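Spelled out from the first residue to the last, the chains are:
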Amino acid sequence: MLDPFGRKISYLRVSVTDRCDFRCVYCMTEDMTFLPKKDLLSLEELDRMCSAFVAKGVRKLRLTGGEPLVRRDVMKLVRGLGRHLRSGALDELTLTTNGSQLARFAGELVDAGIKRINVSVDTLDAAKFGTITRWGKLDQVLGGIEAAREAGLKIKINTVALRGINEDEIETLMIWAHERDMDLTLIETMPMGEIDGDRTDQYLPLSVVRARLAKHYSLDEIDYRTGGPARYVRVAETGGKLGFITPLTHNFCESCNRVRLTCTGTLYMCLGQDDAADLRVPLRASADDGLLHSAIEEAISRKPKGHDFIIDRRHQKPAVARHMSMTGG
Ligand code: SAM
Ligand code: SF4
């Protein structure tokens, strides 16, 4: 599938639930209202949806959320989608998780054909972890990461850089990750959905973080790409890779290869724009996938050129109203 700007769409991210067992301060309010369960696509419908995208040329699928591993019976979906890996129709099936349920599921993820996962960790300080995630327990997440490593999963750590909260810990996180053969990707906060606080207070430009690290480490530019928006450097002293996702300081849209499906079957063609296509209607309208395929093609033909996130004190409202937990980042 090619979009109007000639970009090949080969990557689908699927939010399998908007629910989560954490309430990260930059992502959600503490008293989030979640979608009524009846609005969600069933696991069978999610499988049909993903399989239609695979048939249209998607080569990489990422399950995310909310927290994907808190959706009941999610392993049924993961195991089912594993068949596309075995048939060669899909290059990669992967997952972004907060790690809380990994100790339980790591083995099954490997059995389904998953090789790499992303785990979000913003701090290694248990008290701070409690403050950032509100409901999370650091021990549980670190235990989950160990279980995943032992099961043979390759792990990338995602860390949202938060001004005055974890900015003094970035180096510690990097060393911790690299010592365990895990890459680390830093992310700037994005203005998505109302939260309890003010995002201007959380925003820390990664250009600042990078300049600080560069005083003590050699950050060698490398060509490494995962098909995502991160730009990577190799840290000579640790041997590990460090990625930067900078939606606000660097526009990464020109190489965008992805679209995002919510757990209700809405397709967002851009993380930073409101335009969306309802794929649940064509999915449910017929048992045959013809209508769904046409709706997917029509949606891709509307993929916009890019986003224009801005965070400053003059723009107090989020750039898009939906939360990251709807589309999974
Ligand atoms: N619950 C899983 C997790 O935390 O990894 C998957 C979903 S979460 C929405 C995906 C990623 O988005 C996480 O790494 C999280 O830190 C990041 N995220 C959430 N809200 C964000 C925001 N407003 N700006 C930047 N990153 C955000
Ligand atoms: Fe949950 Fe992930 Fe959002 Fe944190 S970032 S509240 S873990 S969905």
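The sections below set out a description of the structure shown in this document. Being a predicted model, the structure only gives us computed values, none of them experimental.

Considerations on the nonpolar core
Taken as a class, soluble globular proteins show a tendency for nonpolar side chains to be buried jointly. By size, the foremost hydrophobic cluster in this structure holds 92 residues, and its most contacted members are Ile157 and Leu267. The element contributing the most residues to this core is helix α1 (residues 43-55), with seven residues. Leave out the neighbours within four places in its chain, and Leu267 touches Leu12, Phe53, Val259, Arg260, Leu261, Asp275, Ala276, Ala277, Leu279 and Ala299.

Considerations on the side chain of His84
Locating His84 in the fold gives a position in helix α2 (residues 74-87). Not counting chain neighbours up to four residues away, the residues in contact with His84 comprise Ser51, Val54, Ala89 and Leu90.

Some thoughts on the site of ligand 1
Surveying the vicinity of ligand 1 reveals 19 residues, the closest of which are Tyr26, Gly66, Ser120, Val160 and Met190. The separation between a nitrogen atom of ligand 1 and a polar main-chain atom of Gly66 is 3.0 Å. Here ligand 1, which alone exposes 540 Å², has 95% of that area covered by the protein. Looking at the shell around ligand 1, the elements with two or more residues in it are β3 (92-97) and β5 (154-160).

Comments concerning the pattern of salt bridges
The full count for this structure, using the stated rule, is 23 salt bridges. The partner of Glu298 in a salt bridge is Arg302, with the nearest N and O atoms 3.1 Å apart. Among the charged side chains, a network of salt bridges with common partners joins Glu30, Arg134 and Asp196.

Description of helix α8 (residues 206-214)
Side chains of residues three or four places apart in an α-helix project in the same direction, reflecting 3.6 residues per turn. Looking at α8, one finds that the buried residues are Leu206, Val209 and Leu213. Buried residues of α8 fall within an arc of 55° about the axis and therefore sit on the same side. On its buried face, α8 is in contact with α6 (170-179), β6 (183-187), β7 (219-221) and β9 (241-245).

Side note on the packing of α2 against helix α3 (residues 102-111)
Packing of α2 against α3 leaves a shortest axis separation of 9 Å and a crossing angle of 20°. The angle between α2 and α3 falls in the class roughly parallel. Two packed elements cross with a definite hand, and for α2 against α3 that hand is right-handed. The residues of α3 that touch α2, namely those facing Met75, Val78 and Arg79, are Phe105, Glu108 and Leu109. Of the residues in the contact of α2 with α3, the class split is four nonpolar, no polar and two charged.

Structural notes on the environment of Thr159
Here Thr159 is to be found in strand β5. Each C-alpha atom of the pair Thr159 and Met75 lies 26 Å from the other, and the pair is 84 residues apart in sequence. Sequence-distant contacts of Thr159, defined by excluding residues within four places in its chain, comprise Val121, Asp122, Asn166, Leu173, Leu184, Thr185, Leu186 and Ile187.

Some details on the environment of Asp139
You can see Asp139 is positioned in helix α5 (residues 138-150). Classification of Asp139 as exposed rests on a relative accessible area of 65%. In the structure, Asp139 is positioned 13 residues away from Ala126 in sequence and 7.6 Å away in space, judged by C-alpha atoms.

Some thoughts on the packing of aromatic side chains
Inspection of the entire model under this criterion finds one aromatic pair. With 5.9 Å between their ring centres and 90° between their planes, Phe22 and Phe129 make a pair best called edge-to-face. A residue pair is termed long-range when its members are at least 10 positions apart, and Phe22 in the loop between β1 (11-15) and α1 and Phe129 in helix α4 (residues 126-133) qualify at 107 residues. Take Phe22 and Phe129: they sit in the same class, and that class is buried. Above the face of the Tyr11 ring, Lys60 is positioned so that its terminal group lies 4.7 Å from the ring centre.

Brief notes about unusual backbone geometry
Glycine aside, a negative phi is what most residues show, and trans is what most peptide bonds show. In this structure, Asp73 takes a positive phi of about 60° despite not being glycine. Positionally, Asp73 belongs in the loop between β2 (60-64) and α2. With a phi angle near 60°, Asp181 is a residue other than glycine that sits in the positive phi range. For Asp181, the position within the fold is in the loop between α6 and β6. Judged by its relative accessible area of 55%, Asp181 is exposed.

Some remarks on the sheet that holds strand β11 (residues 266-268)
Judged by pairing direction, the sheet is mixed, and its 12 strands sit side by side in the order β7-β8-β9-β6-β5-β4-β3-β2-β1-β10-β11-β12 without closing on themselves. Each edge of the open sheet carries a strand with a single partner, namely β7 and β12 (276-278). Direction aside, neighbouring strands of the sheet carry axes that sit 25° apart on average. Against the sheet, α5 engages β4 (116-120) and β5, with an angle of about 150° to β5.

Some thoughts on the pairing of β6
With respect to burial, β6 is a largely interior element, five of its five residues being buried. Residues Asp183, Thr185 and Ile187 point to one face of β6 and Leu184 and Leu186 to the other, with burial holding for every one of them. The pairing of β5 with β6 spans five bridges and is parallel. The partner of Thr159 across the bridge, within β6, is Leu186. Running through α6, the crossover from β5 to the neighbouring parallel element β6 is right-handed. Sheet topology note: the β6/β9 ladder contains four bridges and is parallel.

About the criteria used
- Residues numbered from 1 in each chain as written.
- Chains lettered and ligands numbered in written order.
- Predicted model: local features only at pLDDT ≥ 70, side-chain atom pairs only at ≥ 80, totals over all residues.
- Heavy atoms only, no water.
- Core = buried A, V, L, I, M, F, W, Y, C linked by side-chain atoms within 4.5 Å.
- Buried < 20%, exposed > 50% of the residue type's maximum accessible area, 1.4 Å probe, protein only.
- Helix = DSSP H or I, 4+ residues; strand = E, 2+ residues; numbered from the N terminus.
- Contact = heavy atoms within 4.5 Å.
- Near = heavy atom within 4 Å.
- Polar contact = N/O pair within 3.5 Å; in protein donor to acceptor, adjacent residues only side chain to side chain.
- Areas by Shrake-Rupley, 256 points an atom, 1.4 Å probe, with all protein chains shown as cover.
- Salt bridge = Lys/Arg side-chain N within 4 Å of Asp/Glu carboxyl O.
- Arc of directions from axis to C-beta.
- Axes fitted to C-alpha atoms, helices over the stretch in contact; angles between N-to-C directions.
- Parallel < 35°, antiparallel > 145°, perpendicular 65-115°, else oblique.
- Left-handed = near helix turned anticlockwise from the far one by under 90°.
- Nonpolar A, V, L, I, M, F, W, Y, C, P; charged D, E, K, R; others polar.
- Phe/Tyr/Trp six-rings, centres within 6.5 Å; stacked < 30°, edge-to-face > 60°.
- Lys NZ or Arg CZ within 6 Å of the ring centre and 35° of its normal.
- Pairing = 2+ DSSP bridges.
- Right-handed = clockwise from strand over helix to strand, strands pointing away.

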